[in-house]
Amino acid sequence: MDIEKVKRVAKVARLELTDEELKKFAQDLEDILNNFSVLDEAPGLTEYDFNPVPVNDVLREDQVGQEFDPAMLRAMMDTYEDYVRGPKLS
Amino acid sequence: MSVSIDDARLRAINDKYRIFNQLIDRESMEADDSSSFTFSAKDNLCTREFQARAGSKILEGYRPPFDATPVRKLREAGGLLLGKTNMDEFGFGTFSTNSGFDIPLNPFDTGRACGGSSGGAAAAAALIEGHVALGVSTGGSISAPASFCGVFGLTPTYGRVSRYGLIDYGNSLDKVGLLSRSMGDIKMFLPVISGSDPKDPTSCTQPRIQISQRKIKRLALPKEALANISPEVESTFRYALEKMSLELGIAVHEVSMPSLRFAMPAYYILATTEASTNLARYCGMRFGVPEKDVSQHFNDFFSGVRSECFGQEAKRRILLGTFCRMVGFRDKYYLKSLAVRQLITKEYRSVFDEHDLIVTPTMPFVAPKFDEIAKMRPLEMYSADFLTIPPNLTGLPHLSAPCGYVGPMPVGMQFVAPHWDESGLISMGEEWERVFQLKTPEVMQ
Amino acid sequence: MKIGLEMHFQLPTKSKLFCSCSTEGAEPNTHICPTCLGFPGSRPALNRKALEYGLMITKFLNCEINERIWFSRKTYFYPDLPKNFQITMYESPLGEHGYYDLNGKRIGIWRVHIEEDPGRIKRVGKSGDEVSLIDYNRSGVPLVEIVSAPDMSSPAEARDFVAELLVELRHLVGLSASDEQVARCDANISVGEERVEVKNILGLKNLERALNYEVSRQTKMLAAGKEIIRETRAFDEERKVTMPARKKEMEEEYGYIGEPDLGEYNVGEFTNGLVLPETPIKRAARLQRQYGINAVTAKQIVITSWGMADLFEHLCEKIEPDKVVPKLLGPITSNWTAIEQRLDDNMRAQICRVIENDINGTITDSEARRAIATIAEGGNHVAEERTVVADELVISINEFLDAHPETIKDAKSNPKAANSVIGHVMKATKGKFQSKEIVEAVKKELEKRP
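Quick notes on the rules
- Residues numbered from 1 in each chain as written.
- Chains lettered and ligands numbered in written order.
- Predicted model: local features only at pLDDT ≥ 70, side-chain atom pairs only at ≥ 80, totals over all residues.
- Helix = DSSP H or I, 4+ residues; strand = E, 2+ residues; numbered from the N terminus.
- Rg over C-alpha atoms; globule rule 2.2 N^0.38 Å.
- Buried ≥ 20, exposed ≤ 12 C-beta atoms within 10 Å, placed from the backbone.
- Contact = placed C-beta atoms within 7 Å.
- Pairing = 2+ DSSP bridges.
- Domains from an automatic or database assignment.
- Axes fitted to C-alpha atoms, helices over the stretch in contact; angles between N-to-C directions.
- Expected span 1.5 Å × (residues − 1).
- Arc of directions from axis to C-beta.
- Right-handed = clockwise from strand over helix to strand, strands pointing away.
- Core = buried A, V, L, I, M, F, W, Y, C linked by C-beta atoms within 7 Å.
- Nonpolar A, V, L, I, M, F, W, Y, C, P; charged D, E, K, R; others polar.

(A) Molecular detail of the overall build of chain C. In terms of helices and strands, chain C carries 17 helices and 16 strands. Here the C-alpha atoms of chain C give a radius of gyration of 32 Å, more than 25% beyond the 22 Å that 2.2 N^0.38 yields for 450 residues. Here the C-alpha coordinates of chain C stretch approximately 105 × 55 × 45 Å along the principal axes. The buried share among the 450 residues of chain C stands at 43%. When contacts within chain C are restricted to residue pairs at least 6 apart in sequence, long-range pairs at least 24 apart make up 67% of them.

(B) Representation of the pairing of strand β12 (residues 196-202) of chain C. Residues and elements named next belong to chain C. In this structure, strand β11 (residues 184-190) lies alongside β12, joined through five bridges in antiparallel fashion. The partner of Cys185 across the bridge, within β12, is Ile201. Once β11 ends, the chain turns through five residues before running back antiparallel as β12. Where β12 meets strand β13 (residues 232-236), three bridges bridge the pair, whose relative direction is parallel.

(C) Geometry of the interface of chain B and chain C. Taken residue by residue, the interface counts 38 residues in chain B and 27 residues in chain C. Going through the elements one at a time, α7 (263-278) and α8 (298-309) of chain B are the ones with two or more residues in the side of chain B that touches chain C.

(D) Up close: the domain arrangement of chain C. Domain assignment breaks chain C into domain 1 (2-182 + 247-273), domain 2 (280-379) and domain 3 (385-448). Here the C-alpha centroids of domain 1 of chain C and domain 3 of chain C sit 72 Å apart.

(E) A look at the environment of Tyr83 of chain A. Take Tyr83 of chain A: it is sitting in strand β2 (residues 83-88). Under the C-beta neighbour-count criterion, Tyr83 of chain A is labelled buried, with 22 such atoms within 10 Å. Once the C-alpha coordinates of Tyr83 of chain A and Asn35 of chain A are considered, the two residues, 48 residues apart in sequence, prove to be 48 Å apart. Residue contacts for Tyr83 of chain A: discarding those within four places in its chain leaves Pro28, Asn29, Lys122, Leu133, Ile134 and Asp135 of chain C.

(F) Seen up close, the sheet that holds strand β7 (residues 152-155) of chain B. Residues and elements named next belong to chain B. Taken together, the eleven strands give an open sheet; going across it, the order is β1-β3-β2-β6-β8-β7-β12-β13-β11-β9-β10, and neighbouring strands pair in mixed fashion. The open sheet has two edge strands with one neighbour each: β1 (20-23) and β10 (251-255). Direction aside, neighbouring strands of the sheet carry axes that sit 30° apart on average. Bridge count for strand β2 (residues 37-42) against strand β3 (residues 79-85) is five bridges, and the pairing is parallel. Paired with Ala41 across the strands is Lys84, a residue of β3. Lying on the sheet, helix α3 (residues 119-127) is in contact with β1, β2, β3, β6 (131-137), β7 and β8 (175-180); it crosses β6 at an angle near 160°. The strands touched by helix α6 (residues 231-248) within the sheet are β10, β11 (357-361), β12 (398-406) and β13 (409-416), with β12 carrying the most contacts at an inclination of about 110°.

(G) Just α7 of chain B, in detail. A rise of 1.5 Å per residue sets the reference length of α7 of chain B, with its 16 residues, at 22 Å; its end C-alpha atoms lie 22 Å apart and thus fit the reference within 8%. The buried fraction of α7 of chain B is high, at 16 of 16 residues.

(H) Structural view of helix α16 (residues 418-428) of chain C. Residue and element names in this part refer to chain C. Looking at α16, one finds that the buried residues are Ala418, Val421 and Val425. Looking straight down α16, one finds its buried side chains confined to an arc of 60°; they lie on one side. The first or second residue beyond α16 is Lys430, which carries a positive phi of 50°.

(I) Representation of the pairing of β3 of chain B in the model. Residue and element names in this part refer to chain B. Counted residue by residue, β3 has seven buried out of seven residues, so it is predominantly covered. Across three bridges, β1 lies against β3 in antiparallel orientation. For Gln22, the partnering residue across the bridge sits in β3 and is Lys84. Note on the crossover from β2 through helix α2 (residues 69-76) to β3: the handedness is right-handed.

(J) Region of interest: the nonpolar core. One finds Ala122, Leu179 and Leu319 of chain B together with Val162 and Ala187 of chain C to be the most contacted residues of the largest nonpolar core, which totals 229 residues. It is α7 of chain B that provides the largest number of residues to this core, a total of nine residues. In this structure, Ala187 of chain C is in contact with Ile3, Leu5, Ala158, Val198, Ile201, Leu207, Ala210 and Leu211 of chain C, ignoring residues within four places of it in sequence.

(K) Representation of unusual backbone geometry. With an omega dihedral of 10°, the bond running from Gly116 of chain B to Ser117 of chain B counts as a cis peptide bond. Structurally, Ser117 of chain B is set in the loop between β5 (109-113) and α3. Not every positive phi belongs to a glycine, and Glu81 of chain A is a case in point at roughly 50°. Looking at Glu81 of chain A, the number of C-beta atoms within 10 Å reads 8, which means it is exposed. Unusually for a residue other than glycine, Asn200 of chain C sits at a positive phi of about 60°. As for its placement among the helices and strands, Asn200 of chain C is situated in strand β12. On the basis of neighbour count, Asn200 of chain C is assigned to the partly exposed category, with 13 C-beta atoms found within 10 Å.

(L) Expanded view of the environment of Val421 of chain C. All names here are of chain C. Here Val421 shows up in helix α16. In sequence terms Val421 and Lys443 are 22 residues apart; their C-alpha atoms lie 9.7 Å from each other. Dropping the residues within four chain positions of it, Val421 is found in contact with Ile397, Phe400, Leu401, Thr407 and Val442.

(M) Structural detail: the interface of chain B and chain A. Counting residues at the interface gives 54 residues for chain B and 44 residues for chain A. Elements with a minimum of two residues in the side of chain B that touches chain A: α7, α8, α9 (312-324), α10 (331-352) and α12 (378-383) of chain B. The biggest single contributor to the side of chain B that touches chain A is α10 of chain B, with nine residues. For the side of chain B that touches chain A, the per-class residue count stands at 28 nonpolar, 19 polar and seven charged.

(N) Representation of the sheet that holds β12 of chain C. All names here are of chain C. Spatially, the nine strands line up as an open sheet ordered β2-β6-β7-β10-β1-β11-β12-β13-β14, and their pairing is mixed. Of all the strands in the sheet, just β2 (64-65) and β14 (241-244) have a single pairing partner and so form its edges. Contacts from helix α2 (residues 48-60) reach β2, β6 (95-102), β7 (105-116) and β10 (142-148), with the element oriented near 170° to β7. Docked against the sheet, helix α3 (residues 155-172) engages β1 (2-10), β6, β7 and β11, running at close to 30° with respect to β1.

Below, the structure written as structure tokens:
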């Protein structure tokens, strides 16, 4: 797990890491992933489940319902003329 | 029955043991004589009157506009919410030492950890009489603190209790459960918090919960569970098994579960891949700590607040989780872990064909001292969960029950039942409770 | 030349894909809730109608349906994405390997799936220095994504494909709003070997313009011996050119995982049992085949209105199609708004009678036209027609008789004298009336004169 790789992962995850942190995490991840290599001995599958118990066909009817007052929700956020403020785009 | 709380005493307990990061202020609240019991909510459960920070600085200031379903249900049943209990940041930890706020102290020895990540919840259950604590388990976060703090901790089947209002760690692994000094409370309140909730689709395919007493006869003990545990825990555990055999007529058979060796990697990979996506939303916009400087490019805007407010363990798990789902690694780690979950579930099922429950110690040691924890490397901490991880990975319901003491420090044993058989766990817990001498911590005068 | 398209259309559900907020237009940030804002502790719940619409579209496009489907998280960071991941479908689209027949040419459909829309960003400030203001009304609205094979060979063909698809889907599930609002496309186009992607094109006109520009740009480059770079470009609506897309700071890694909060769906049985209604373009093709009319006519009938196609088929039960068509394209079309409002069995029968009368010579073509106009306004064909006929004809006859009084005298002894009257009136009324009618009327008027 080299520093460059950790840098890339950190960038994807939007984490700014100091050089010290990069070194530490690179070592941690290396140790952890080495330990995890035991997984290579386990068989794989062709079909996957994403929950430990079956969760099938749970649907909600197409009905409009407003449980929360939008003004109250807007008041929780940083707004300008009812728009939510966001950062620079370029 | 109206609950009576000595506020001064509660505050004093909290000052000493740091259970709650937000505590009810009853003087400024209307007196509520209709409450029949008190409960607490782990800080990752949303409640309207308190902030919900999930133990993380990045959520400081977040006041949810809604109650989590389990909280709502306990309130409807007459419960008074005392406050939000301390925890590891987002559930990342085994000792509650990764808390972005206060670290709870073990009721039996304040130089030792409560366990985690529901550390505060376990301390509340141990220290406050007649109190039931809502905890959350992802890899063992109800069992571990229950074991270290000498209380009962029940983690229901995945999907049994609605997760609406739970701040996510791992969506296929999180379960809301209960910690208490008494099995009676757990038996009473588990059906209250359980049930289908249209707001959480994963709670909607459960069979209806039905708690009824039955005689537990055969337990299975996987031999893999006895490797790497401290001699004191092993002898306390074996003594408890003997007691069960003699006084309750319960037989214990040793079995082998070789697939358990894959459990820890599969768990950490699934948990951290899911967590790394759940935590993406914390970026200084809409809720939590705001990033005020909008003149920054959005990447810097996001990175700034995240880097400043996430703790080290959170960053480590985000990195690990992001990596394991990246192109080129996704098959080897993420998809393989999904396969392993099914493999281990299958192995559990074949054991349950011949046994009522599986029993193991809950943790490999008693609550460690804080300076011991400070010396642990990440892998060591992760490995401490090796007994609680397998039922959590597979979504099987499990109960940690106090089974003995090493000096003053509690030791727990963990029962695992088939999916949806919380009833079997409660039967076992009640039977054991009748013959076990539970010690309560000596609380200061 | 190869052109492929990735299209996004908003599905016409009442509530959003994962929460019950309304999908209608409104003031900024009014149709919002913790789920579509991505608040911690919130959770998605799938809209049944959105899934059904998605499956109808998938079946319509002749895809192989996936029995078992689930949703995935596509993680990337952007201010309009509340969770900084989008819930979409990655490994298990609703269907794959489908096709659409465009005027006899088969366009491959690679996949169809549904996903949530992010919020809408309003950019404020100077270009290069813009900050974002976000409206989350759009966040969580259901979209269908359709990915085609690069089977189109010209910008016009690409535009026709999307235009037709919109007509069909509008009828199939009720896609609303104008083409401009509804069609969001990413296009892949290669004149030579290398493929260029143009992203985020809004509307059909812009689609054709963007593709035409690319064709011209790529052709010029190839002619000059230059290599075409594989890249992503954006379309500048104002200047009508494509530009290299702003260099992103970094390559995003979506890191797809399954979405455990929704579980999975078994859609095979439902989809196999779906009976899709006949859609306009398909109906036009059938009308062409079944009634032997030409393609342009068939399309025009169907696209004018579904009701008109119904009327056409009804009339063809009794009348030759090629006799129905002119009336349909003529007076029925010009009076369609009025006809559509009042159309019932009685009106249908009357229109039928008018056309039959026209065919068998009882009335002229122009009479038929007037008759249909009358019927459209709620009037009755037979009675009023006679009245109109009477007035004009009588006037014309009497004008002649007044000018040529000797004809009256002659006609009393010689019946053939009436012929001059008949001849004149025929010329004067320019074929408005049938000869039989004129003969009758002349006879009548002559008898009236002493």
